[in-house]
Amino acid sequence: MTATAFAFGIGVGTLDSAGNWLEVFFPQPGLAVDASLATAVRPFSSATPLTRTAAQGLVAALEEAGFAELAQLARRLGDAPQPIACVLLEKDVAPTSVPEAYLKLHLISHRQVRPHGTNLEGLFGLLPNVAWTSEGAIALEELAERQLAARLRGVPLEVSCVDKFPKMTNYVVPRGVRIAHTARVRLGAYLGEGTTVMHEGFVNFNAGTQGPGMIEGRISAGVFIGAQSDLGGGCSTMGTLSGGGNIIISVGERCLIGANAGIGIPLGDRCTVEAGLFITAGTKVAVLDNEGNSVDTVKARELAGRPDLLFRRNSTSGRVECQTNQAAVELNDMLHSHN
């Protein structure tokens, strides 16, 4: 089968009182849509909710084209009272609507594309800021009335957060992961199998881990962590939303970023950053030979992406030093074999 479209999804979502999308849940997003499926769903793809008649037409078109499972999903969604979204992305271009944006976030969290694997330009400005509550997504301008109505029913409305992004686990729970605090992983995060995110770990959208890995620090937007790497408690990776500019920060395989440390440069494989040390692109680093003698002083950006490096701060002089890393990180297999 030849793919003729980038992605497709049928979803159910929430509108505000003015008919604007707040969020969309896509149970079975699909990548690399073949010609027959694209032809069947193309007439129904729209930024606006499907009418009941259109939903019935979509079911019939999917059945006629031989996509029984998708037809069954469309039938189930069409019978529900919630608004239905049908999105066909012909090409991988920047999203232009909330349903398109949510489909792309689902593709990442379903591990169908990796961070930076789809065009998310303008996404942050496109998504509405939403109150995520025990009654679902609510537009902020409607929140006070909904809170009052809930109180009058005797059941206070729980507002878990106010954000553009919902937590990933309300939409996708990838196979083989552990997440100690689900609110700290946003929809659009990519968690490879074997990933453990501890209570203080955080994974932003368009970021994530190849897995397996231990995440006790922050993975900022745009950052991808290689297999068998460990982010210590309270550590940080500088993303494009937090001052990283156009530099894509990544961490190679078998790396260790110590507790309360941080990086503003990409790390190659088998690198270690000492606890408490934050390295930015402009940090002056003394490069040491095998005997521990300084042979050069460079800015950290000149060491970006190189493997087998140990970054540390000299406890006597206070200078930042770098030498060959003699030991790669070995994760505790017991922590990652039972996800």
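Residues numbered from 1 in each chain as written. Predicted model: local features only at pLDDT ≥ 70, side-chain atom pairs only at ≥ 80, totals over all residues. Heavy atoms only, no water.

Draft legend 1. Spatial organisation of the packing of aromatic side chains. Per the counting criterion, the structure on display carries 5 aromatic pairs. Seen in terms of ring centroids, F25 and Y171 are 6.1 Å apart; in terms of plane orientation they differ by 65°. Their pairing is edge-to-face. Taken together, the residues span a long stretch of sequence, with F25 in strand β2 (residues 21-25) and Y171 in the loop between β7 (159-163) and β8 (178-179) at a distance of 146 residues. Taken together, a centroid distance of 6.1 Å and an interplanar angle of 45° make the contact between Y102 and Y171 tilted. Of this pair, Y102 sits in helix α4 (residues 98-109) while Y171 sits in the loop between β7 and β8, placing them 69 residues apart in sequence. The same class applies to Y102 and to Y171, which are both buried. Through a chain of ring-to-ring contacts, the aromatic side chains of F25, Y102 and Y171 assemble into a single cluster. When the ring centre of F124 is taken as origin, the NZ or CZ atom of K164, which lies over that ring, is 5.4 Å away. (Phe/Tyr/Trp six-rings, centres within 6.5 Å; stacked < 30°, edge-to-face > 60°. Helix = DSSP H or I, 4+ residues; strand = E, 2+ residues; numbered from the N terminus. Buried < 20%, exposed > 50% of the residue type's maximum accessible area, 1.4 Å probe, protein only. Lys NZ or Arg CZ within 6 Å of the ring centre and 35° of its normal.)

Draft legend 2. Seen up close, the UniProt feature "binding site: succinyl-CoA" (unreviewed entry) in the protein chain. According to UniProt, the positions carrying the feature "binding site: succinyl-CoA" (unreviewed entry) are R218, G233, S236, A259, E274, A275, G282, K299, R312, R313, N314 and S315. A stretch of 98 residues holds the annotated residues, and the largest C-alpha distance among them is 26.1 Å, long enough that they do not meet in one place. The residue E274 is located in the loop between β21 (272-273) and β22 (278-279) in this model. With respect to the secondary-structure elements, K299 resides in strand β24 (residues 294-299). With a relative accessible area of 35%, K299 lands in the partly exposed category. (UniProt positions renumbered as here; feature names shortened; annotations may be inferred.)

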